[in-house]
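Here's the letter readout for the chains.
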Amino acid sequence: MNRKEFLQMLNEKIYFLDGAYGTEFFKKGFKGVIETLNITDKEMVFDLQKAYVDAGVDFLLTNTFSANRLKLKSLKVSYDIKDINYNAVKIAKKAVGQRNVYVLGDISSTGFLIEPLGELSFNEAYDVFKEQGEILLNAGVDGFIIETMSDLKELKAAILALRDLSQDIPIIAQMTFEENSKAVTGTSVEIFASLLNDLDIDVIGINCTLEPEKLLSVFRELAQYSKKPISVEPNAGKPKLQRDGSIVYKTSPEKFAIYMEDFVEIGANIVGGCCGTSPEHIRLMVEFLKNRKPKKRKIIAEEFVSSRTKLQKISPFLIIGEKINAAGKKKFQEKIKNKDFSKIVELASMQEQEGAHVLDVNLGIEKLLDKSHFSLAVNTLDKIGSLPLSLDIQEFEFMEEALKEYVGRPIINSSTAKKEKLDNAIYLLKRYGGMLVLLTMKDKIPETAKERFEIAKEAVEYLEKNGIKRNRILVDPLVLPVGAKKDPNVTVKTIELLSKEGLMTSIGLSNLSFGMPNREALNASFLTLCIDKGLNAAILNTSEKCTMNTIFGTLVLKGKELAKQEILKEDPLVEMILKKKEKELKQEIERLLEEYSPLQISQNILSKAMEHIGELYSKGVIYLPHLILAAETVTPVFEYLNSLLEKSDKQKIGTIIVATVEGDVHDIGKKIVATLFKSSGFNVIDLGKDVPASKILEEVKKHQPEILGLSAMMTTTIGRIKEVKDLLEKEGIKIPIIAGGASLNKEIAENFGVYYAKNASEGLKLSKKILKR
């Protein structure tokens, strides 16, 4: 099956994926790492896969969800990665037999966060995915499915790695989302879809985390934004604890099949099941939905750019802030050269407040820089949750480095119309996604509007012929300084010609008034003329109020209106922490020290600010990057205040030990808890992930914390929470235990005799309440 055949198949009928593996193996009493069964008990894997084949699936997944090098190491698996993955394909093919069923190599997260959220580099993640993918491909898989990803950057690394292995193998790429349609890292379904529409994959999908009824609204958004076929694999409801200690999922096979019809009605091309689904769930689903044809979807036609957490429509007008530009600014250039990006952060925040939709980033003289300057600048802006970026970079290798690190759909600024430059742009657009600013020139700037138009038209046709649609292109008609006796009407006329051709346009506005007095008046007046002729975007000075007002006024007169920007307005102290305004925060702390003691500031002011930030996170107002940044900003301040305390006052709010239980290597949630507690004044002892009960007991005895926090992500490991609780009780240790994790709920926690916290913020509030008793 090649990609063309795969996509043709999806036009004909609904196709079916299999169901869960882990929960099915655990039903049979297995409690280890399920991928090791590919070595130790092949029959168990075969039996389950044969049951899925008998249930009527079209695509059978290999038992390799966690079989990448980093995950296997975290799980302390000593078997060879090649044997695990190779055997998985062999077993799956045996289960398929002579049936018309395709085997998909199953790939998921490394379990580590990629920079700037974690310490794993993009290149390391890429290598890990490529290694696993190569084994699966050589063993004979028919395609790949990447699933349960929560970080768009990690998903991009996996896609690039697998596509580099083969240009002609089908790839299904899926992420997992919360009920609010956002991933834990803050990426929305719309942002996910808008980037994956560009990337070289075949099907965009969603799986895990939610049961069918709660996943429907999330999937509906995907159906509106995805321009490619779509897939879905819901969980079979929420887990429920049985009297014998086992876990079952609540959605019956009959209900699951009925719910899956709703996904097909929305437009799903491929349906299957995730946690808690069984061969019976899949069998009934197939019987109920077989021979259905895919529904035609109404797809949103608008174009977007995005960062990790922010999505911006191009229409009716895109305001691109010009201030992050070190060209001709000696001090700014020196800071960038020394990898001091504080000025960039300051300018990013300022332009967002002034109404920019996108930030143009030009690091100045590129001869002074290397690749690391570009990756660090992009990661710094990612970490503060910046607006989408327009990457104004000249050198190809620097542009590629920036695009590799970028999370979202950027603007590539820019390419001339020369063939070799266009070929570079085509490569970058196809590999990394995004939109292109196309200059209406080759070696020199044409004098007339007709010449510029003809050059643009020819270049757009070349781009379209090579797979880049015209709606991904912003043509720059070129603005020249009026002070150099250049006629601005040539630009206006070029915009008019391009607009009539159905091409979008963008200008660098400030070039017009270079060297002239009263620049703002000139810029604003010229912009009015350009918008009237159909201009779609401009790189401009957002501090020019007249220019900004002109945009709003001209659009209203043309019957259009800019959507209001949602800018987070918070208490000044919270704002300083969230925006990493270290200098202002330090000044504020010094001012507070004139009125309050260090202890009062630490416990009554700073700690409460972090508690509020935790609430913003739990409500989905801010996301993981903001939380990590806030913790980094505030931790040195806590340490400073602590250094001012009298010896008797040098005490934390309390000590908490946190750990992910044995057999579970998911620690994003636990890390969030540790970050919030530490930055709220707690002494946090983080034991890491996959921690045995005996080790937790040992550390509790050693440190005597006031609270123990336990995390369990997987259904198969939540029983470890009770194991820890029972062991501590047996040793006569009474300590409040707060537990959380995707598979846990209040009912199960109460059954275990521990407190339940839905998220980090709830855990913090609960801990403070417990300590006051």
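Predicted model only: the values in this text are computed from it and were never measured.

Undergrad: Help me get a handle on the overall build of the protein chain, residues and values and all.
TA: Scanning the protein chain from terminus to terminus reveals 30 helices and 25 strands. Its C-alpha atoms give the protein chain a radius of gyration of 28 Å, near enough to 28 Å, the size a compact globule of 773 residues would have. Seen through its principal axes, the protein chain has C-alpha atoms that stretch 85 × 75 × 45 Å. Taking all 773 residues of the protein chain together, 59% fall into the buried category. Put simply, 77% of the contacts in the protein chain that link residues at least 6 apart link residues at least 24 apart. Here the protein chain has roughly 32,100 Å² of accessible surface; of this, 50% comes from carbon and sulfur atoms.

Undergrad: Account for helix H14 (residues 342-354), with residues named and values stated.
TA: A rise of 1.5 Å per residue sets the reference length of H14, with its 13 residues, at 18 Å; its end C-alpha atoms lie 19 Å apart and thus fit the reference within 8%. The complete set of buried residues in H14 reads Ile344, Val345, Leu347, Ala348, Ser349, Gln351 and Glu352. Each element contacted by the buried residues of H14 is listed here: strand S13 (318-325), helix H13 (330-337), strand S14 (358-362) and helix H15 (371-383).

Undergrad: Can you lay out the packing of aromatic side chains for me, pointing to particular residues and giving the numbers?
TA: Both the distance between ring centres and the angle between the ring planes are used here to describe each pair of aromatic rings. Scanning all chains against the criterion turns up 12 aromatic pairs. Relative to Phe59, the ring of Phe6 lies with its centre 5.9 Å away and its plane at 75 degrees, an arrangement referred to as edge-to-face. Separated by 53 residues along the polypeptide, Phe6 in helix H1 (residues 3-12) and Phe59 in strand S2 (residues 59-61) bring together distant segments of the chain. Residues Tyr21 and Phe25 carry aromatic rings whose centres are separated by 6.2 Å and whose planes lie at 80 degrees to one another, so their mutual orientation is edge-to-face. Residue classification places Tyr21 among the buried positions, given a relative accessible area of 9%. An aromatic cluster is built from Phe6, Tyr15, Phe59 and Tyr102, whose rings are joined through pairwise contacts. When the ring centre of Phe46 is taken as origin, the NZ or CZ atom of Lys94, which lies over that ring, is 4.9 Å away.

Undergrad: Requested: an account of unusual backbone geometry, with residues and values cited.
TA: Omega for the bond connecting Glu115 with Pro116 falls within 30 degrees of zero, at 10 degrees, which places this linkage in the cis form. Mapping Pro116 onto the fold places it in the loop between strand S3 (102-107) and helix H7 (122-139). Cis geometry marks the peptide bond from Ser315 to Pro316; its omega dihedral reads 0 degrees. Inspection of the secondary structure assignment puts Pro316 in the loop between strand S12 (311-313) and S13. With phi around 75 degrees, Leu478 is a residue other than glycine that occupies positive phi space. With respect to the helices and strands, Leu478 occurs in the loop between strand S18 (473-476) and helix H19 (488-500).

Undergrad: Hey, could you go over the packing of helix H10 (residues 212-225) against helix H11 (residues 253-266) for me, with residue numbers and the actual values?
TA: H11 packs onto H10 with a crossing angle of 15 degrees between their chain directions and a minimal axis gap of 10 Å. By the criterion of interaxial angle, the relationship of H10 to H11 is roughly parallel. Classified by chirality, the crossing of H11 by H10 is right-handed. Along the contact surface, H10 presents Pro212, Glu213, Leu215, Leu216, Phe219, Arg220 and Ala223, while H11 presents Phe256, Tyr259, Asp262, Phe263 and Ile266. Here the contact of H10 with H11 is built from residues that sort into nine nonpolar, no polar and three charged.

Undergrad: Lay out the domain arrangement of the protein chain in plain terms, naming residues and giving numbers.
TA: The domain boundaries assigned to the protein chain delineate domain 1 (3-290), domain 2 (319-386), domain 3 (409-560) and domain 4 (580-772). The straight-line distance from the C-alpha centre of domain 1 to that of domain 4 is 32 Å. In total, about 1,900 Å² of surface goes out of reach between domain 1 and domain 4, with carbon and sulfur atoms giving 63% of it. Linking domain 1 to domain 4 there are one salt bridge.

Undergrad: Could you give an account of the environment of Lys298, naming the residues involved and the relevant values?
TA: Inspection of the secondary structure puts Lys298 in the loop between helix H12 (279-289) and strand S11 (304-306). Residue Lys298 is classed as exposed on the basis of its relative accessible area of 79%. Spatially, the C-alpha atom of Lys298 lies 9.9 Å from that of Ser226, the residues being 72 residues apart in sequence. The residues touching Lys298, leaving out its near neighbours within four places in the chain, are Ala223 and Gln224.

Undergrad: Explain the sheet that holds strand S5 (residues 171-175) to me, using residue names and the numbers behind them.
TA: Strand-to-strand pairing in sheets goes through backbone hydrogen bonds, with the strands running parallel or antiparallel. Overall, parallel pairing links the eight strands, which are arranged S1-S10-S7-S6-S5-S4-S3-S2 in an open sheet. Edge positions in the sheet fall to strand S1 (15-16) and S2, since each of these pairs with one other strand and no more. As paired elements, strand S6 (residues 203-207) and strand S7 (residues 230-233) share four bridges and run parallel to each other. Within S7, the position partnered with Ile206 by the bridge is Val232.

Undergrad: How would you explain the nonpolar core if you had to name every residue and give the values?
TA: Generally speaking, soluble globular proteins have nonpolar side chains that are buried together. Judged by nonpolar contacts, the single largest core of 149 residues is most densely connected at Leu155 and Leu196. Per element, the largest residue contribution to this core is nine residues, and it comes from helix H8 (residues 152-165). Counting residues in each nonpolar core, the second largest holds 41 residues, with Ile577, Leu624, Ala760 and Leu764 among its members.

Undergrad: Explain the sheet that holds strand S20 (residues 537-540) residue by residue, including any values.
TA: On the basis of which strands lie adjacent, the closed barrel formed by eight strands has the order S13-S14-S15-S16-S17-S18-S19-S20 and parallel pairing. Ignoring strand direction, the axes of neighbouring strands in this sheet form an average angle of 25 degrees. When S18 meets strand S19 (residues 504-508), the two strands line up parallel, connected through two bridges. Bridge assignment links Leu474 to a residue of S19, and that residue is Met504. Against the sheet, H14 touches S13 and S14, its axis set at about 155 degrees to S13.

Undergrad: Describe the pairing of strand S15 (residues 389-392), and please don't skip the residues or the numbers.
TA: Of the two faces of S15, the one holding Leu389 and Leu391 and the one holding Ser390 and Asp392 are both buried throughout. Here three bridges tie S14 to S15, and the two strands are oriented parallel to one another. Bridge pairing in S15 links Leu359 to Leu389. Each parallel crossover has a hand, and the one from S14 via H15 to S15 is right-handed. Bridge analysis of S15 against strand S16 (residues 411-415) gives three bridges, and the strand direction is parallel. Across the sheet, Leu391 pairs through a bridge with Ile412, a residue of S16. The β-α-β motif built from S15, the intervening helix H16 (residues 396-405) and the parallel element S16 has right-handed crossover chirality.

Undergrad: So what's going on with the pattern of salt bridges? Residues and values would help.
TA: The full count for this structure, using the stated rule, is 54 salt bridges. Where Glu265 meets Arg292, a salt bridge forms, and the shortest distance between an N and an O atom there is 3.9 Å. You can see Glu265 sitting in helix H11 and its partner Arg292 sitting in the loop between H12 and S11, a full 27 residues away along the chain. Here Glu265 falls in the partly exposed class, since its relative accessible area comes to 41%. When salt bridges that share partners are traced, they join Asp198, Lys227, Glu303, Arg409 and Arg472 into one network.

Undergrad: An account of helix H18 (residues 449-465) is requested, with residue identities and associated values reported.
TA: For H18, spanning 17 residues, the distance from its first C-alpha to its last is 24 Å, which sits close to the expected 24 Å at 1.5 Å a residue. The complete set of buried residues in H18 reads Ala449, Arg452, Phe453, Ile455, Ala456, Ala459, Val460 and Leu463. For H18, the angular spread of the buried residues around the axis is 165 degrees, confining them to a single face. Away from the buried face of H18 by more than 90 degrees, exposed residues Lys450 and Lys465 are located.

Conventions adopted
Residues numbered from 1 in each chain as written. Predicted model: local features only at pLDDT ≥ 70, side-chain atom pairs only at ≥ 80, totals over all residues. Heavy atoms only, no water. Helix = DSSP H or I, 4+ residues; strand = E, 2+ residues; numbered from the N terminus. Rg over C-alpha atoms; globule rule 2.2 N^0.38 Å. Buried < 20%, exposed > 50% of the residue type's maximum accessible area, 1.4 Å probe, protein only. Contact = heavy atoms within 4.5 Å. Areas by Shrake-Rupley, 256 points an atom, 1.4 Å probe, with all protein chains shown as cover. Expected span 1.5 Å × (residues − 1). Phe/Tyr/Trp six-rings, centres within 6.5 Å; stacked < 30°, edge-to-face > 60°. Lys NZ or Arg CZ within 6 Å of the ring centre and 35° of its normal. Axes fitted to C-alpha atoms, helices over the stretch in contact; angles between N-to-C directions. Parallel < 35°, antiparallel > 145°, perpendicular 65-115°, else oblique. Left-handed = near helix turned anticlockwise from the far one by under 90°. Nonpolar A, V, L, I, M, F, W, Y, C, P; charged D, E, K, R; others polar. Domains from an automatic or database assignment. Buried area = accessible area lost by both parts, 1.4 Å probe. Salt bridge = Lys/Arg side-chain N within 4 Å of Asp/Glu carboxyl O. Pairing = 2+ DSSP bridges. Core = buried A, V, L, I, M, F, W, Y, C linked by side-chain atoms within 4.5 Å. Right-handed = clockwise from strand over helix to strand, strands pointing away. Arc of directions from axis to C-beta.

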